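Each chain, letter by letter, is given below.
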Amino acid sequence: MTTVLAADVGGTNIRLAIVSDKGVILEAVSTPAHFSKRDISAKKLLSTLASAFLDFLDDKTNVTAIGIGFPGFFLGNSGVLSSSPNLPMLKEIDLGKALSNTLGLPVVVQNDALCAAIGEHRFGAGMGRSNIIHITLGTGIGAGLILNNLPYTGEDGMAMEFGHLCINPDDHARVCGCGNTGCLEAYASASAIVSQFEEKSGTQMEAKEIYQYSLNGNKQAKEILLAAGAYLGAAIAEVVKILDIRYVTISGGLSAAWPILHPVLMKHLNARVIPPLKGKITVVRSQLDDKAGLLGAAALAFDIKQLR
Ligand SMILES: [Zn+2]
């Protein structure tokens, strides 16, 4: 059986999987990495990735290619990392070629959120659709666009920075990790839910606990989640006005709060789209959970697509 190695590179760990061409994960591991340090060098990054891959590949002889989802911007389908917002030392690195030379296999590398969109399109809730917007609701908010069955990267790989859409232009709006104020991510990401709850209640807890609190009737928790859902709906409406795409999929840890987020999201989405689009947009929760990115990286490794 032909298989590929898929990797999802995060700030604190690298997830690796052997994936079949049907999108079945045959074997998976998670190995610690310390990419949360902003001063990591290209050399250190490459050696950490290469050794994690070599350890996992070991004697697996039926792996034909490697696909990697990475938190950064890539020039089209070249595997060249143009920049990474959280790892500012890394610029203009041909990650694909460098890893391919070391590992002796074809390597494709793409933005992690776009990989999640590719995974959702190929193996998840977006199967059979020509156009989807996929949103990842986690510590941050990412998104990827599949347009006419192809992943859309934009000029320098920076398309669909959905989490940084401005949903509050007020001078006193919340500050985002990107340095701007009023970004969606500063209101509707898991980390934003945590900070807002801490500010209101004085208690620090994880987003999933805050969701549980809201289910148990905690007013502050519920208000924050309802506001997040409303902002998400409003932001999706703006994207739909530009793209006229009818199908939106959402994955990521915070999507667990779906029963609270989805109704309010749909209400605000339908209130803001242009009249002919009201009631025409479907927003569904991913069934791939946190595997969308891995499966998208695998899909790219199986079939290196012509990116736009
Ligand atoms: Zn931002």
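Residues numbered from 1 in each chain as written. Predicted model: local features only at pLDDT ≥ 70, side-chain atom pairs only at ≥ 80, totals over all residues.

1. Quick look at the overall build of the protein chain
What counts, and what does not: Under the DSSP-based scheme used, a helix requires at least four consecutive residues in state H or I and a strand at least two consecutive residues in state E, with every element numbered from the N terminus. In this treatment the radius of gyration is a C-alpha quantity, and the globule benchmark scales as 2.2 Å times the residue count to the 0.38 power. Exposure classification rests on a simple neighbour count of other C-beta atoms within 10 Å of a residue's own: a residue reaching 20 or more is buried, one at 12 or fewer is exposed, and one in between is partly exposed. C-beta atoms are placed from the backbone. By the convention adopted here, residues make contact when the C-beta atoms placed from their backbones lie within 7 Å.
The number of helices and strands found in the protein chain is nine helices and 13 strands. Over its C-alpha atoms the protein chain spans a radius of gyration of 19 Å, differing by no more than 12% from the 19 Å that the globule rule assigns to 308 residues. Based on the C-alpha atoms only, the size of the protein chain along its principal axes is roughly 55 × 45 × 35 Å. Per-residue burial over the protein chain gives 45% buried out of 308 residues. Within the protein chain, counting contacts between residues at least 6 apart in sequence, those at least 24 apart form 64% of the total.

2. Some words on the domain arrangement of the protein chain
Using the following cut-off: Segmentation into domains, and thus their bounds, comes from an automatic or database assignment. Residues were grouped as follows: Ala, Val, Leu, Ile, Met, Phe, Trp, Tyr, Cys and Pro as nonpolar; Asp, Glu, Lys and Arg as charged; and all remaining residues, including Gly, as polar.
Assigned domains within the protein chain: domain 1 (3-117 + 291-302) and domain 2 (127-287). Averaged C-alpha coordinates put domain 1 and domain 2 at centres separated by 26 Å. Listed by contribution, the elements that provide at least two residues to the side of domain 1 that touches domain 2 are β5 (73-74) and α3 (112-123). It is α3 that contributes the most residues to the side of domain 1 that touches domain 2, five residues altogether. Residues belonging to the side of domain 1 that touches domain 2 are distributed by class as follows: nine nonpolar, three polar and one charged.

3. Focus: α3
As a reminder of what qualifies: A helix is expected to span 1.5 Å for every residue after the first.
Here α3 contains twelve residues, and its C-alpha end-to-end distance of 16 Å stays within 8% of the 16 Å for a straight helix at 1.5 Å per residue. Residues of α3 that are buried include every one of Asp112, Ala113, Leu114, Cys115, Ala116, Ala117, Ile118, Gly119, Glu120, His121, Arg122 and Phe123, and no others.

4. Some thoughts on the sheet that holds strand β12 (residues 247-251)
The condition that has to hold: Paired strands, as defined in this entry, are two strands with at least two bridges between them according to DSSP. Angles run from 0 to 180 degrees between N-to-C directions of axes, and those axes are lines fitted to C-alpha atoms, restricted for helices to the stretch in contact.
The sheet built from five strands is open, its strands ordered β11-β10-β9-β12-β13 with mixed pairing. Both outer strands of the open sheet, β11 (150-152) and β13 (282-285), are each paired with one neighbouring strand and no more. The mean inter-strand angle of the sheet, taken between neighbouring strand axes irrespective of direction, is 25°. Bridge count for β12 against β13 is four bridges, and the pairing is parallel. Its bridge partner being in β13, Val248 is matched across the sheet by Val283.

5. Thoughts on the environment of Ala299
Residue position: Ala299 is located in helix α9 (residues 292-302). Here Ala299 falls in the buried class, since 25 other C-beta atoms lie within 10 Å of it. For Ala299 and Ile93, which are 206 residues apart along the polypeptide, the C-alpha to C-alpha distance reads 23 Å. Discounting chain neighbours no more than four positions away, the residues touching Ala299 are Ile118, Gly119 and Arg122.

6. Notes on the sheet that holds strand β6 (residues 80-83)
Pairing is antiparallel across the open sheet formed by three strands, whose spatial order is β5-β6-β7. Each having just a single partner strand, β5 and β7 (91-94) make up the two edges of the open sheet. Sitting on the sheet, helix α2 (residues 95-103) touches β6 and β7, and the angle it makes with β7 is about 35°.

7. Things to note about unusual backbone geometry
Located in the positive-phi region is Met160, a residue other than glycine, with phi close to 65°. Looking at the element boundaries, Met160 is found in the loop between β11 and α4 (185-188).

8. A look at the pairing of strand β8 (residues 107-111)
Counting buried positions over the five residues of β8 gives five, a clear majority of the element. In terms of strand pairing, strand β4 (residues 63-70) meets β8 through five bridges, oriented parallel. The residue of β8 that forms the bridge with Ile68 is Val109.

9. Focus on the nonpolar core
Note the threshold: Think of a nonpolar core as buried Ala, Val, Leu, Ile, Met, Phe, Trp, Tyr and Cys residues chained together by C-beta atoms that fall within 7 Å.
Counting 92 residues, the largest nonpolar core has Ala6, Ile193, Ala298 and Ala301 as its most contacted members. A total of ten residues in this core trace back to one element, the largest contributor, which is helix α7 (residues 219-243). Residue-level mapping places this core at the junction of two domains, with at least three residues from each of domain 1 (3-117 + 291-302) and domain 2 (127-287). Not counting chain neighbours up to four residues away, the residues in contact with Ile193 comprise Ala207, Ile210, Ile224, Leu225, Ala228 and Leu254.

10. Some words on the pairing of strand β9 (residues 132-137)
A large share of β9 lies buried, amounting to six of its six residues. Burial of β9 is two-sided: the residues Ile132, His134 and Thr136 facing one way and the residues Ile133, Ile135 and Leu137 facing the other way are all buried. Two strands pair when backbone bridges link them, and β9 and strand β10 (residues 141-147) are joined in this way by six bridges, in the antiparallel orientation. Residue pairing in the sheet places Ile135 in a bridge with Ala143 of β10. The turn joining β9 and β10, which pair antiparallel and follow one another in sequence, is formed by three residues. As paired elements, β9 and β12 share four bridges and run parallel to each other. When the bridges of β12 are listed, Ile133 appears paired with Val248.

11. Some remarks on the environment of Gly293
Among the structural elements, Gly293 can be located in helix α9. Not counting chain neighbours up to four residues away, the residues in contact with Gly293 comprise Asp8, Gly69, Asp112, Cys115, Ala116 and Gly119.

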